[in-house]
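Residue strings, one per chain:
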Amino acid sequence: MKKEVDTSLTQKFLRILLALFMVYAGISHLTFNSIDFQAQVPDWVPFSKNLVVVLSGIVEIALGLTLLLWKKQRVNIGWALAIFFILVFPGNLAQYLDGKDAFGVLNSDSARLIRLFFQPVLIAWSLWSSGAWQSWRNSKK
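Residues numbered from 1 in each chain as written. Predicted model: local features only at pLDDT ≥ 70, side-chain atom pairs only at ≥ 80, totals over all residues. Heavy atoms only, no water.

S.K.: Give me the nonpolar core: which residues, what numbers.
M.R.: Core analysis: the biggest nonpolar cluster contains 10 residues, these being Leu 18, Ala 19, Met 22, Leu 63, Leu 67, Ile 77, Leu 81, Phe 84, Phe 85 and Leu 122. When residues of this core are traced back to their parent elements, those giving at least two are helix H1 (9-30), helix H3 (49-69) and helix H4 (74-98). No other element matches the 4 residues that H4 contributes to this core. Judged by nonpolar contacts, the second largest core, of 5 residues, contains Val 5, Val 75, Ala 82 and Leu 127. (Core = buried A, V, L, I, M, F, W, Y, C linked by side-chain atoms within 4.5 Å. Buried < 20%, exposed > 50% of the residue type's maximum accessible area, 1.4 Å probe, protein only. Helix = DSSP H or I, 4+ residues; strand = E, 2+ residues; numbered from the N terminus.)

S.K.: Let's hear about the packing of aromatic side chains: which residues, and what values?
M.R.: Applying the stated criterion across every chain yields a total of 3 aromatic pairs. On the basis of an interplanar angle of 50 degrees and a centroid distance of 5.9 Å, the ring pair of Tyr 24 and Phe 32 is categorised as tilted. Each member of the pair, Tyr 24 as well as Phe 32, carries the same accessibility label: exposed. Look at Trp 133 and Trp 136: their rings are 5.1 Å apart centre to centre, the planes differ by 35 degrees, and that puts the pair in the tilted class. Linking Trp 133 with Trp 136, this pair stays in helix H7 (residues 132-139), spanning 3 residues, or about one helical turn. (Phe/Tyr/Trp six-rings, centres within 6.5 Å; stacked < 30°, edge-to-face > 60°.)

S.K.: How would you summarise a nonpolar patch on the surface if you had to cite specific residues and measurements?
M.R.: A cluster of nonpolar side chains, namely Ile 16, Leu 20, Leu 65, Leu 68 and Leu 69, defines an oily patch on the protein surface of about 430 Å² accessible area. Elements represented by at least two residues in the nonpolar patch include exactly H1 and H3. As for its placement among the helices and strands, Leu 68 is situated in helix H3. Residue classification places Leu 68 among the partly exposed residues on the basis of a relative accessible area of 34%. (Patch = residues over 30% accessible without salt bridge, like charges linked within 9 Å, V, L, I, M, F, W, Y side chains within 5 Å. Areas by Shrake-Rupley, 256 points an atom, 1.4 Å probe, with all protein chains shown as cover. Salt bridge = Lys/Arg side-chain N within 4 Å of Asp/Glu carboxyl O.)

S.K.: Can you tell me about the pattern of salt bridges, naming the residues and giving the values?
M.R.: A full pass over the atoms with the stated rule returns 2 salt bridges. Measuring nitrogen to oxygen at the nearest pair gives 2.8 Å for the salt bridge that ties Lys 49 to Asp 43. Look at Lys 49 and you get partly exposed, because its relative accessible area is 25%. Note that Asp 109 and Arg 112 form a salt bridge whose closest N and O atoms lie 2.9 Å from each other. On the criterion of helical spacing, the pair formed by Asp 109 and Arg 112 is a turn pair, its members being 3 residues apart in helix H5 (residues 109-116). Looking at Asp 109, the relative accessible area reads 45%, which means it is partly exposed. Under the relative-accessibility criterion, Arg 112 is labelled buried at 6%.

S.K.: Outline the packing of H3 against H4, supporting the account with residue identities and numerical values.
M.R.: Packing of H3 against H4 leaves a shortest axis separation of 9 Å and a crossing angle of 150 degrees. One finds that H3 runs roughly antiparallel with respect to H4. Seen from above, H3 lies across H4 with left-handed handedness. Contact residues: H3 offers Ser 56, Val 59, Glu 60, Leu 63, Thr 66 and Leu 67, while H4 offers Arg 74, Ile 77, Ala 80, Leu 81 and Phe 84. Broken down by class, the residue content of the contact of H3 with H4 amounts to 7 nonpolar, 2 polar and 2 charged. (Axes fitted to C-alpha atoms, helices over the stretch in contact; angles between N-to-C directions. Parallel < 35°, antiparallel > 145°, perpendicular 65-115°, else oblique. Left-handed = near helix turned anticlockwise from the far one by under 90°. Contact = heavy atoms within 4.5 Å. Nonpolar A, V, L, I, M, F, W, Y, C, P; charged D, E, K, R; others polar.)

That is the geometry; function is a separate question.
Written as C-alpha cells, this is what we have:
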C-alpha cells in the first residue's frame, strides 16, 4: 500500500483539525479531564484507571502530532488512529452501560448513547482525511 496519497484541500483541513483535536484530547487526559476520562475505563481492565488514562493520553498526543507532521506515514497513521478509536470504544460503551457521568455533558443515558454513534464517524474521518481509505482502494485495483 502506498504510504503517501494526494489529498484534497478539504481532506487536509479536516486532517489538521482531527490532529489538533487529538493533541488537545491527549493533553486533557493528562491534565484537567483526567478524572472524567477515568470514568470511561471499564472496571474489567486489569490496570489502574489512572495508568490507562495517562497512556491513552500519550498515545493520542503522539497520533495527533504524527498525523499533523509526518506526511510520508500519513496513511499508516490514519489506520493506526482508526484502530485506536476502535480500541477505546469498549470504554465508551462501558460508560453508557454503567451510567457513569463525565465531562458535564455526558450526564444522561441519552447523551452517552448518542456519543456511541460518533465513534464510527471518527473512524471514517481518520481513514478518509489521511488518505488511508483511498490508498486501500487503490491497492485493490
